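Architecture at a glance
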Amino acid sequence: MTVAQIGIIVSIVVYLVGMLVIGFLASRRTNDVGDFYLGGRKLGPFVTAMSAEASDMSSYLLMGVPGLAYFSGIADAGWTAIGLAVGTYLNWLFTAKRLRTYTEKIDAITLPEYFKKRFKDKSNITLLIGAIAIIVFFVPYTASGFSACGKLFANLFGVNYQLAMIVSAIIIVGYTTTGGFLAASTTDFIQSIVMSIALLIVLFYGIHHAGGMGAVIENAQSLKGFLDMNATHNNVSDGADPYGFFNKITMFCWGLGYFGMPHILLRFMAISDPNKLKLSRRVASVWVVISLGVATFLGVVGRAMTQSGAIPSLLDLSDLTSASKAETLIVVLANEIAQHGFGFALIGGLIIAGILASTMSTADSQLIAASSAVSENIIQDVFKIKMSDTAAMLTARITLVIVGVLGVVIAWDPSSSVFNIVSFAWAGFGAVFGPAMIMSLFWKRVNTQGCIAGMLSGGIMVFVWKYGVRPLGGAWNLYELAPAFLVAIIFIVVVSLLTPAPSEAVQKDFDEVNAIVKGQKVASSEE
């Protein structure tokens with residue numbers, strides 16, 4: 001084993017042990033199911049902001065986005081980044097405080113439970129649809145994280161991809177099952193810092209070894225369409241392909257997904273003081289803009305390093321239309337840094353820890369949400385199986401392990417693209433929960449039937465558009481989230497208007513939450 005590999009391993013081991021220790025410490029503050037799933041609504045504003053964004057910016061931040069920019073230029077990655085930045089800000093601005101207030105009033109600790117109690121749905125249909133959607137889309141999302149870890153260690157140490165993926169999954173599942181939501185949120189806060197440091201280190205290292213900023217820009221300009229937000233570079237023809245209006249809408253619409261992301265919405269629900277959400281919004285928005293900008297430019301720098309001979313080409317010569325190999329850019333850079341002595345190897349290990357952080361910060365949150373969907377919502381609420389707190393906690397942890405195993409099975413193929421897996425799951429959540437969340441928070445007339453229609457139509461349209469319509473190409477090659485989101489909104493409005501208005505109790509809850517958010521005094525039921 002080389003000095004570089006030893007240094008990397010030391011950094012990684014220290015980092016992973018730290019995560020497990022945090023999980024253990026958090027477990028001592030996790031007394032019941034409410035703490036396990038929502039941390040007892042004890043999060044501070046900075047932990048709320050950074051854990052939300054770290055859980056959002058999964059492995060696609062350090063691997064997917066730079067890989068996409070390296071592969072075809074800034075258009076795809078850039079429009080995605082713009083959409084994500086806008087979506088992040090609007091989600092914090094419009095959703096956070098209102099959702100936090102609503103869930104506290106109706107005593108909801110999971111997203112499906114929010115919809116059930118928001119509409120006083122005794123049939124539990126909204127809860128069941130929400131729980132199933134979380135399982136269906138979170139399992140592949142979690143798998144993308146495991147896949148990223150497998151690629152990481154396979155490239156670094158030449159170990160078996162599947163073995164590396166399984167070990168990574170065991171660690172993530174380990175600290176999450178121990179400490180639950182508090183462990184996930186606390187580690188995510190730390191991981192967001194590690195991710196930021198990793199991005200900055202590889203960026204400055206890359207610019208230096210590519211020959212300076214001038215050489216980076218000159219190389220990018222020599223690649224047709226590479227620096228053009230209206231075109232992409234074609235690696236087969238070495239020319240530029242037009243990046244039209246529908247392509248931009250496709251990537252920009254990633255921002256719509258934020259309104260339906262359970263692992264992000266849970267952070268809104270968990271902050272201790274809803275009045276501190278403005279601070280959280282500012283911190284989160286600034287971090288997202290900077291991190292996505294750096295990640296995109298890192299792809300440009302990486303391409304210049306290839307041109308200068310600092311790193312080998314990351315294009316798959318057997319398939320020049322695949323960006324999968326390019327996603328290993330930051331791994332290659334970390335390994336290059338580690339070759340300059342033990343001290344640099346420790347820095348390389350820190351970068352690898354950053355990649356792990358980006359993966360783990362999302363996977364742990366997804367595991368928590370999927371676990372709650374099964375043990376809390378389906379087993380106890382739908383099937384009416386009452387359990388003690390001890391039994392409920394045990395069921396939650398067993399469910400979390402099962403979800404982790406399913407994620408490993410899905411990620412078994414090392415050729416799977418992190419970006420593509422995340423893209424589909426993101427669309428699913430955005431379409432199922434996003435429209436229903438917006439309408440339930442801001443429209444008094446929406447009812448149970450409308451919510452059900454919106455959730456079902458949105459989820460179904462994601463599959464129909466991706467596998468039935470989008471393959472037609474041309475103008476139909478639109479990211480499935482956009483049409484699915486629109487269809488869900490239409491169904492919610494039409495069905496709600498065609499069916500009876502919500503009960504007086506439901507409307508009263510809405511009015512009281514609306515008044516609280518606006519800072520008005522609300523009369524108690526005793527007055």
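Preceding this section is the structure that the text describes.
Observations concerning the overall build of the protein
- A count of helices and strands for the protein gives 19 helices and two strands.
- Taken across its 527 residues, the protein has 61% of its residues classed as buried.
- Taking the contacts inside the protein whose residues are at least 6 apart along the sequence as the reference set, 83% of them involve residues at least 24 apart.
- By element, 67% of the accessible surface of the protein is carried by carbon and sulfur atoms, the whole surface being about 19,400 Å².

What about the pairing of strand E2 (residues 239-242)?
- The sheet contact formed by strand E1 (residues 231-234) and E2 spans four bridges and is antiparallel. Directly across from Asn 234, in E2, lies its bridge partner Gly 239.
- Between the end of E1 and the start of E2, which pair antiparallel, lie four residues, with Asp 238 showing a positive phi angle near 60 degrees.

Points about the pattern of salt bridges
- Under the counting rule described, the total for this entry stands at eight salt bridges.
- We note a salt bridge from Lys 105 to Glu 512, for which the minimum N-O separation is 2.5 Å. Residue Lys 105 is found in helix H5 (residues 74-106), and its partner Glu 512 is found in helix H19 (residues 504-517); the two are separated by 407 residues along the sequence.
- The class of Lys 105 is partly exposed, set by a relative accessible area of 35%.
- Taking the relative accessible area as the measure of exposure, Glu 512 reaches 15% and is therefore buried.
- Among the ionic pairs, Lys 444 bridges to Asp 511, the shortest N-O distance being 3.0 Å. Taken together, the positions of Lys 444 in the loop between helix H16 (418-442) and helix H17 (448-469) and Asp 511 in helix H19 put the pair 67 residues apart, joining distant regions of the chain.
- Through salt bridges that share partners, Lys 105, Lys 120, Lys 508, Asp 509 and Glu 512 make up one connected network.

What counts and how
Residues numbered from 1 in each chain as written. Predicted model: local features only at pLDDT ≥ 70, side-chain atom pairs only at ≥ 80, totals over all residues. Heavy atoms only, no water. Helix = DSSP H or I, 4+ residues; strand = E, 2+ residues; numbered from the N terminus. Buried < 20%, exposed > 50% of the residue type's maximum accessible area, 1.4 Å probe, protein only. Contact = heavy atoms within 4.5 Å. Areas by Shrake-Rupley, 256 points an atom, 1.4 Å probe, with all protein chains shown as cover. Pairing = 2+ DSSP bridges. Salt bridge = Lys/Arg side-chain N within 4 Å of Asp/Glu carboxyl O.

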